[in-house]
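Notes for the structure review
These are the residues of each chain, in order.
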Amino acid sequence: MSQLTSRQYPATRMRRMRKDDFSRRLMRESTLTPDDLILPVFVLDGDNRREVVASMPGVERLSIDLLIEEAREAASLGIPALALFPVIEASQKSELAEEAYNASGLVQRTVRALKDACPELGLITDVALDPYTSHGQDGILDEQGYVMNDRTVETLLKQALSHAEAGADVVAPSDMMDGRIGAIRSVLEQENLHNARIMAYSAKYASRYYGPFRDAVGSAGNLGKADKCTYQMDPGNSDEAVHEVALDLAEGADMVMVKPGMPYLDVVRRVKQELKVPTFAYQVSGEYAMHMAAFENGWLDADSVILESLMCFKRAGADGVLTYFAKRAAQLLNQ
């Protein structure tokens, strides 16, 4: 009798190990803890300002003083890091995005304030120009409206350096320009910022799931009907994602990002299995908005679905997840 035959039913009953909570816990392959969560936050200028993001129920834009309170709550829940996204006033936006690297700019001031208030909390800053450009694209345009790669990288260098100098623990280029990781790594080394980590948005797709985020940071109106297909990835491609990740790692990335998250779990799995590097995923604004719509209509149970939706990232191989559900998930996991 073969080994396979000897383990067929009834010798093997798969439900046997599922009978009790203790045995289900003992054989659980993937686990989720607050250590796996990163909370994305939106910051705006001013004092005691709080603005609702209509397309993201429960998410708010906060001024720095209120964001400090949010950061302290996140830290108390065991969330290791915040991902910081700015809401830039229209008067500070320009064709060349000069405000992106202003040492006294919104992100730079926010980083310093948060580090003073919560030094143990990791801060991840978005390195991209779309919040700062008057046209809503992630780079500098030529006369035909095409995003110029190398010219854009020059500005991204200045932006990343200004964030690291302000105290950011991790700079996260999300722009998808070629060669920007190597260029940023070089300037950080030159400035003796050896421990400034780079989280490369290496596999960022030209997705329609980003709509609510663009509302939140105020770039949707600037972008209009234009798209980002000349630099963000084609949703039909998977091999290209692995290639992009490998290039960013070779240039000095410490960790890599797949974005969006749940619709691209196959890419998360490939990156983790084939390259075996710190791999993160972003449960993006569109995913959040869809879940919230179902919760508010009573179609899905919020608490259980939030945790299930995050567990799928861990099962796919993600080391951590950027999610707007981070605080709620941490509260549930801490119970």
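The structure reproduced in this document is the subject of the present report. The model shown is predicted, which means the values in this text are computed figures rather than measured ones.

1. With respect to the pairing of strand β11 (residues 279-283)
β11 sits mainly inside the fold: five of its five residues count as buried. Residues of β11 alternate between two faces, with Thr279, Ala281 and Gln283 on one and Phe280 and Tyr282 on the opposite face, all of them buried. Across three bridges, strand β10 (residues 255-259) lies against β11 in parallel orientation. Paired with Val256 across the strands is Thr279, a residue of β11. Taking the sense of rotation as the criterion, the β-α-β connection linking β10, helix α10 (residues 265-275) and β11 turns out right-handed. Inspection of the sheet shows β11 paired to strand β12 (residues 320-323) by four bridges, in the parallel sense. Directly across from Tyr282, in β12, lies its bridge partner Leu322.

2. Points about helix α12 (residues 302-316)
Between its terminal C-alpha atoms α12 stretches 22 Å, which fits the 21 Å expected from 15 residues at 1.5 Å a residue. Along α12, the residues that are buried comprise Ala302, Val305, Ile306, Ser309, Leu310, Cys312, Phe313, Lys314 and Ala316. Considering only its buried residues, α12 is in contact with β1 (37-44), α10, β11, α11 (285-296), β12 and α13 (326-333). Positive phi appears at Gly317, one or two residues downstream of α12, with a value of about 120°.

3. Focus: empty space enclosed by the protein
Think of a ball as big as a water molecule: rolled over the atoms, this probe shows where empty space is left. What the rule picks out here adds up to one cavity of 30 Å³ or more. Space inside the largest cavity adds up to approximately 90 Å³. Every residue lining the largest cavity is counted, 13 residues in all, and those nearest its centre are Asp130, Lys204, Phe213, Lys228 and Lys259. For the lining of the largest cavity, the residue count by class is four nonpolar, two polar and seven charged.

4. Here we look at the pairing of β12
Residues of β12 alternate between two faces, with Gly320 and Leu322 on one and Val321 and Thr323 on the opposite face, all of them buried. Bridging between β1 and β12 involves two bridges; their strand directions are parallel. Paired with Leu37 across the bridge in β12 is Val321.

5. Points about the nonpolar core
Judged by nonpolar contacts, the single largest core of 107 residues is most densely connected at Phe42, Leu82, Leu188, Met199 and Tyr282. Setting aside residues no more than four positions away along its own chain, Leu82 makes contact with Ile38, Leu39, Val41, Ala71, Ala74, Leu114, Leu121, Gly122, Leu123 and Ile124.

6. Considerations on the environment of Asp21
Here Asp21 lies in helix α2 (residues 21-26). The spacing of Asp21 and Gly46 is 25 residues in sequence and 50 Å in space, taken between C-alpha atoms.

7. Observations regarding the packing of aromatic side chains
Across all of its chains, the model carries ten aromatic pairs by this definition. Ring geometry for Tyr288 against Tyr324: centres 5.7 Å apart, planes inclined by 65°, an arrangement best described as edge-to-face. Of this pair, Tyr288 sits in helix α11 while Tyr324 sits in the loop between β12 and α13, and the two are 36 residues apart along the sequence. We note that Tyr288, like Tyr324, is buried. Each member of the aromatic cluster is reached from another via a ring pair, and the members are Phe42, Phe85, Phe213, Tyr282, Tyr288, Phe295, Tyr324 and Phe325.

8. Focus: the packing of α12 against α13
As a packed pair, α12 and α13 sit with axes 10 Å apart at the nearest point and diverge in direction by 100°. Considered as vectors, α12 and α13 are oriented roughly perpendicular to each other. Taken together, the residues of α13 that come into contact with α12 (itself represented by Ala302, Asp303, Ile306, Leu307 and Leu310) are Arg328, Ala329, Leu332 and Leu333. Classifying every residue of the contact of α12 with α13 by side-chain character gives seven nonpolar, no polar and two charged.

9. Quick notes on the packing of α10 against α12
Relative orientation of the contacting elements α10 and α12 amounts to 35°, with a least axis distance of 8 Å. Where α10 approaches α12, its residues Leu265, Val268 and Arg269 are matched on the opposing element by Cys312, Phe313, Arg315 and Ala316. Looking at the contact of α10 with α12, its residues break down into five nonpolar, no polar and two charged.

10. With respect to the pattern of salt bridges
Counted under the stated rule, the structure contains 21 salt bridges. Here Asp248 ties to Arg180 by a salt bridge, and the two come within 3.3 Å at their closest N and O atoms. Remark: Arg180 occurs in helix α6 (residues 180-190) and Asp248 occurs in helix α9 (residues 239-251); sequence separation between them is 68 residues. For the pair shown, Asp248 and Arg180 are each scored as buried.

11. Thoughts on the layout of surface pockets
Here the largest pocket is characterised by a volume of approximately 390 Å³. Those elements that provide at least two residues to the lining of the largest pocket are β1, β3 (60-63), α3 (64-76), α11 and α13. For the lining of the largest pocket, the residue count by class is 14 nonpolar, two polar and six charged.

Cut-offs used in this document
- Residues numbered from 1 in each chain as written.
- Predicted model: local features only at pLDDT ≥ 70, side-chain atom pairs only at ≥ 80, totals over all residues.
- Heavy atoms only, no water.
- Buried < 20%, exposed > 50% of the residue type's maximum accessible area, 1.4 Å probe, protein only.
- Helix = DSSP H or I, 4+ residues; strand = E, 2+ residues; numbered from the N terminus.
- Pairing = 2+ DSSP bridges.
- Right-handed = clockwise from strand over helix to strand, strands pointing away.
- Expected span 1.5 Å × (residues − 1).
- Contact = heavy atoms within 4.5 Å.
- 1 Å grid on protein atoms, 1.4 Å probe; cavity = no way out; pocket = protein on both sides within 12 Å on 5 of 7 lines; lining within 4 Å.
- Points joined across faces, edges and corners; volume = space filled by probe spheres on them.
- Nonpolar A, V, L, I, M, F, W, Y, C, P; charged D, E, K, R; others polar.
- Core = buried A, V, L, I, M, F, W, Y, C linked by side-chain atoms within 4.5 Å.
- Phe/Tyr/Trp six-rings, centres within 6.5 Å; stacked < 30°, edge-to-face > 60°.
- Axes fitted to C-alpha atoms, helices over the stretch in contact; angles between N-to-C directions.
- Parallel < 35°, antiparallel > 145°, perpendicular 65-115°, else oblique.
- Salt bridge = Lys/Arg side-chain N within 4 Å of Asp/Glu carboxyl O.

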